[in-house]
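Residues per chain, in single letters:
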Amino acid sequence: MALNVKPTRSELIALKKRIKLSERGYKLLKMKRDGLILEFFKVLAEAKDLKNQLAEKYERAQRMIAIAETVDGSIGVKSAAFSASENPVIDLKSKNIMGVVVPKIESQSVKKSLTNRGYGVLGTSAAIDEAADAFEELVECIILSAELETTMKRLLDEIESTKRRVNALEFKVIPELIEARNFIKMRLDEMEREELFRMKRTKGKSAAKAAKLSAAHAAE
Amino acid sequence: MTEVMSGIAPYIYVSTRMRVRKAKLIPREEYLRMLNMGLPEFTRLIEELEYKREIDELSASFKGVDLIENAMSWNLAKEYQRVIALAPGEMKGFTRDYLHKWDIQNILSILRGKELGFSDGKIRAVLVPAGALDAPTLDRLIAESSSERIVEQLPIKQMSAILSEGLSEALETHSFGKIENELYKYYYATLIKAARGGMKGGLPFLKYVMFEIDIKNITSVFRMRAQGGDNAAQQNIWIPGGSFKPEELERLSSVESTDEVVDSLKKKIKVTVLLDALESLREKKPIYSIESTLIATQLNQMDKVSKRNPFSISPLLVYLERKKYEVSNLRAIARGKEAGLDAEILEKYLVM
């Protein structure tokens with residue numbers, strides 16, 4: 001690789017500083033990556049658990065709506081569904097996990113009491129209560145799942161970009177800087193040796209000249 | 001032809017006709033056979049029964065199980081209208097009163113549908129004109145521009161008064177639940193008044209109405225318990241006129257132990273079938289299973305009242321209820337089969 005650096009002492013000092021900084025950055029980023037991976041696995045375990053719950057709750061909700069339609073018919077279920085006029089309120093906040101901004105979703109009015117669902121207790125059957133209950137639980141689980149899935153996605157993105165930075169520092173930036181430093185060192189050493197040789201040679205020449213002059217004086 | 005409007009003659013005539021119609025309803029063995037059929041086979045069978053005409057009429061608007069369900073609802077509505085036409089004199093008025101629950105359901109569906117901005121067609125699809133309000137009247141109400149106008153134009157004045165009283169609150173809170181409960185309370189109050197009105201079979205029927213109120217209140221107790229109390233909101237769900245006071249029901253709905261609830265309920269209940277049904281509720285089971293047990297008990301009691309009073313209003317009401325549950329059972333089989341529910345599970349939801 002052709003190095004385009006000036007082999008000067010000040011450049012060497014600057015390079016050494018950059019290497020030190022890069023190595024410190026590399027260590028920090030590595031720690032961040034490891035921390036993020038640990039955090040990711042924690043969220044992953046939660047998300048896996050939640051995904052199973054979601055599948056179970058979805059299955060239960062489907063079974064309960066089938067039972068409600070069996071008991072009350074689609075007309076009864078639709079008529080009760082007409083009562084649901086209050087939509088759940090989703091409050092979107094954010095939290096910070098090792099510098100990664102992830103969403104925190106809070107929901108209101110998802111789980112309602114029997115008398116707050118809008119339909120009358122006397123004109124409907126318990127199968128509708130159970131179906132409404134199952135779907136409310138499912139919506140709550142979906143909201144929680146959305147929070148965790150987004151967190152996981154953001155963490156993964158951050159892990160990926162941190163990994164790229166760590167790899168770039170480890171395999172590209174730091175080796176190149178070290179190579180440049182070694183090159184400058186080598187060039188400086190070479191220049192020093194050249195200087196020394198030149199000085200020795202000059203000194204030799206001067207000494208030879210002096211010896212010649214003193215020999216001439218002695219002959220006279 | 002002179003129509004006999006008083007004395008025992010109209011009761012004999014109507015009771016006999018109702019008994020003949022009841023005999024034509026699908027028997028238990030047939031339901032058990034249907035449970036083992038596939039959906040296509042079941043659909044073919046339904047088309048061979050008396051629902052064929054409605055299926056043909058509605059086949060352009062609906063498909064699949066929706067078609068079966070709507071055809072059966074239309075058949076039920078027409079049959080109820082025929083029974084109203086058949087019943088002479090005071091029996092007609094009583095039958096109309098008894099079928100008011102369909103009017104309540106229809107008018108609330110219209111109001112809710114209008115409030116949520118559903119199209120007229122979509123609202124019409126959920127109506128079952130089986131009560132005093134026939135299809136043209138319901139169509140007229142759907143065509144009205146606002147909820148206030150619908151309530152104003154409602155031909156049943158008492159219902160209209162209850163609706164006007166609670167309408168503004170319902171529109172403000174977007175919840176018709178309170179009005180719905182009030183309407184059902186009015187419905188039972190009307191039934192009690194009619195049963196006390198001197199009609200033949202009225203007093204035994206009054207006992208039955210009180211029994212039905214008890215069943216409704218007990219079901220509500222179990223439903224409220226399943227949802228974990230919610231005392232403040234449950235103020236208006238208890239129907240007066242039964243064996244229990246609202247305060248007692250309120251207390252029972254927040255009691256944790258099922259045994260304690262069953263024991264307290266049994267202290268006031270005198271009907272043996274209900275005592276047995278209550279005993280079976282001690283074991284933990286889903287709330288809809290409790291409800292099915294109570295409905296089956298209610299129908300058995302109604303049958304008993306009808307047999308003890310053969311020439312009264314009871315045979316007519318027994319037929320109306322049995323017909324309703326025939327439609328409900330067939331719909332349950334169709335919907336259950338569509339959803340892939342097992343025959344054993346489906347059997348639990350049939351009222352046979």
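Residues numbered from 1 in each chain as written. Chains lettered and ligands numbered in written order. Predicted model: local features only at pLDDT ≥ 70, side-chain atom pairs only at ≥ 80, totals over all residues. Heavy atoms only, no water.

Looking up chain B in an unreviewed UniProt entry gives the name A-type ATP synthase subunit C, with the organism given as Methanocorpusculum parvum. Taken from UniProt, the Subunit (unreviewed entry) comment for chain B reads in full: "Has multiple subunits with at least A(3), B(3), C, D, E, F, H, I and proteolipid K(x)." (UniProt positions renumbered as here; feature names shortened; annotations may be inferred.)

You'll find chain A entered in an unreviewed UniProt entry as A-type ATP synthase subunit D, with Methanocorpusculum labreanum given as the organism. Taken from UniProt, the Function (unreviewed entry) comment for chain A reads in full: "Component of the A-type ATP synthase that produces ATP from ADP in the presence of a proton gradient across the membrane." Under Subcellular location (unreviewed entry), UniProt gives the following word-for-word description of chain A: "Cell membrane".

**Student:** Please clarify how the overall build of chain A should be interpreted in this entry.
**Tutor:** Scanning chain A from terminus to terminus reveals two helices and two strands. Counting from the amino terminus, helix and strand elements in chain A follow one another as α-β-β-α. Projected onto its principal axes, the C-alpha positions of chain A cover 140 × 25 × 25 Å. Within the span of chain A, comprising 220 residues, buried residues form 35% of the whole. (Helix = DSSP H or I, 4+ residues; strand = E, 2+ residues; numbered from the N terminus. Buried < 20%, exposed > 50% of the residue type's maximum accessible area, 1.4 Å probe, protein only.)

**Student:** Even after reading the chapter, I still don't get the overall build of chain B, so can you show me in this structure?
**Tutor:** When helices and strands are counted, chain B shows 19 helices and zero strands. Its C-alpha atoms give chain B a radius of gyration of 21 Å, near enough to 20 Å, the size a compact globule of 352 residues would have. Across its three principal axes, chain B shows a C-alpha extent of roughly 55 × 50 × 50 Å. Taking all 352 residues of chain B together, the buried fraction comes to 53%. Looking at chain B alone, contacts between residues at least 24 apart form 66% of all its contacts between residues at least 6 apart. Accessible area for chain B stands at about 15700 Å²; split by element, carbon and sulfur atoms hold 52% of it. (Rg over C-alpha atoms; globule rule 2.2 N^0.38 Å. Contact = heavy atoms within 4.5 Å. Areas by Shrake-Rupley, 256 points an atom, 1.4 Å probe, with all protein chains shown as cover.)

**Student:** Is there a simple way to explain the environment of Arg196(B) in this structure?
**Tutor:** Among the secondary structure elements, Arg196(B) is positioned in the loop between helix H12 (177-195) and helix H13 (202-226). Here the alpha-carbon distance between Arg196(B) and Leu206(B), two residues ten residues apart in the chain, equals 6.9 Å.

**Student:** Could you clarify how one ought to interpret empty space enclosed by the protein in this entry?
**Tutor:** Leftover empty space is mapped by rolling, across the atoms, a probe with the size of a water molecule. In the structure shown here, the tally under the stated rule is one cavity of 30 Å³ or more. Lining the largest cavity we find 47 residues, and of these Asp72(A), Gly123(A), Ser125(A), Lys324(B) and Tyr325(B) sit closest to its centre. Those elements that provide at least two residues to the lining of the largest cavity are helix H1 (9-81) and helix H2 (126-219) of chain A together with helix H5 (64-86), helix H7 (100-115), H12, H13, helix H17 (287-308) and helix H18 (314-339) of chain B. Here the residues of the lining of the largest cavity are counted per class, giving 22 nonpolar, 13 polar and twelve charged. (1 Å grid on protein atoms, 1.4 Å probe; cavity = no way out; pocket = protein on both sides within 12 Å on 5 of 7 lines; lining within 4 Å. Points joined across faces, edges and corners; volume = space filled by probe spheres on them. Nonpolar A, V, L, I, M, F, W, Y, C, P; charged D, E, K, R; others polar.)

**Student:** I keep staring at the packing of helix H1 (residues 9-23) of chain B against H5(B) and nothing clicks. Help me out?
**Tutor:** In a pair of packed helices, the angle between the axes and the distance between the axes together describe the arrangement. All names here are of chain B. Two numbers describe how H1 lies on H5: the axes approach to 11 Å, and their chain directions differ by 160°. Here H1 lies roughly antiparallel to H5, going by the angle between them. Crossing geometry of H1 relative to H5 is assigned as right-handed. On H5, the residues that touch Tyr13, Val14, Arg17, Met18 and Arg21 of H1 are Glu79, Arg82, Val83 and Leu86. (Axes fitted to C-alpha atoms, helices over the stretch in contact; angles between N-to-C directions. Parallel < 35°, antiparallel > 145°, perpendicular 65-115°, else oblique. Left-handed = near helix turned anticlockwise from the far one by under 90°.)

**Student:** Help me understand the packing of aromatic side chains in this model?
**Tutor:** Remark: the centre distance and the inter-plane angle together describe each pair of aromatic rings, the angle taken between the planes. All names here are of chain B. By the definition in use, this model includes three aromatic pairs over all chains. Both rings, one in Tyr80 and one in Trp102, keep their centres 6.2 Å apart while their planes meet at 70°; by these two values the pair is edge-to-face. Taken together, the residues span a long stretch of sequence, with Tyr80 in helix H5 and Trp102 in helix H7 at a distance of 22 residues. Overall, the relative accessible area of 1% leaves Tyr80 in the buried class. (Phe/Tyr/Trp six-rings, centres within 6.5 Å; stacked < 30°, edge-to-face > 60°.)

**Student:** When you look at the UniProt feature "coiled-coil region" (unreviewed entry) in chain A in this model, what are you seeing that I'm missing?
**Tutor:** Residues and elements named next belong to chain A. The sites that UniProt annotates as "coiled-coil region" (unreviewed entry) are residues 44-71 and 145-194. Summarising residues 44-71: 100% helix, 0% strand, and an end-to-end C-alpha distance of 40 Å. Regarding residues 145-194, the helix share stands at 100% and the strand share at 0%, and the terminal C-alpha atoms are separated by 70 Å.

**Student:** What should I look at first to understand the interface of chain A and chain B in this one?
**Tutor:** Size of an interface: often given as the accessible area lost when the parts come together. Chain A puts 34 residues into the contact, and the matching count from chain B is 43 residues. In total, about 3300 Å² of surface goes out of reach between chain A and chain B, with carbon and sulfur atoms giving 59% of it. Counting the surface chain A buries against chain B, the share from its top three residues, Ile75(A), Phe82(A) and Leu122(A), is 27%. With a closest N to O distance of 2.5 Å, Arg223(B) and Asp129(A) form a salt bridge. For the pair chain A and chain B, the number of links is nine residue pairs in polar contact (both at pLDDT 80 or more). Elements represented by at least two residues in the side of chain A that touches chain B include exactly H1 and H2 of chain A. Here the side of chain A that touches chain B gets 13 residues from one element, more than from any other, and that element is H1(A). Of the residues in the side of chain A that touches chain B, the class split is twelve nonpolar, 13 polar and nine charged. (Buried area = accessible area lost by both parts, 1.4 Å probe. Salt bridge = Lys/Arg side-chain N within 4 Å of Asp/Glu carboxyl O. Polar contact = N/O pair within 3.5 Å; in protein donor to acceptor, adjacent residues only side chain to side chain.)

**Student:** Would you mind showing me how to read the confidence of the model for chain B here?
**Tutor:** Caution applies to low-pLDDT parts of the model: their predicted coordinates are not meant to be read in detail. Per-residue confidence for chain B gives a mean pLDDT of 83, with 95% of residues at or over 70. Of all secondary-structure elements in chain B, the lowest mean pLDDT belongs to helix H16 (residues 272-280) of chain B, at 77, while helix H9 (residues 135-143) of chain B reaches the highest, 91. (pLDDT = per-residue confidence, 0-100.)

**Student:** Just checking my understanding: could you explain the environment of Val126(B) for this structure?
**Tutor:** Assignment of secondary structure puts Val126(B) in the loop between helix H8 (120-125) and H9. Sequence spacing of Val126(B) and Ile218(B) is 92 residues, and the spatial spacing of their C-alpha atoms is 28 Å.

**Student:** How should unusual backbone geometry be read in this particular structure?
**Tutor:** Note: most peptide bonds trans; most residues except glycine with negative phi. One non-glycine residue, Met98(A), lies in positive phi territory at about 50°. What makes Met98(A) partly exposed here is its relative accessible area of 40%.

**Student:** Just checking my understanding: could you explain the pairing of strand E1 (residues 89-97) of chain A for this structure?
**Tutor:** Residue and element names in this part refer to chain A. Taken together, the nine bridges between E1 and strand E2 (residues 100-108) define a ladder with antiparallel strand orientation. When the bridges of E2 are listed, Ser94 appears paired with Pro103. Between E1 and E2, which pair antiparallel one after the other, the connecting turn spans two residues, and Met98 there sits at a positive phi close to 50°. (Pairing = 2+ DSSP bridges.)

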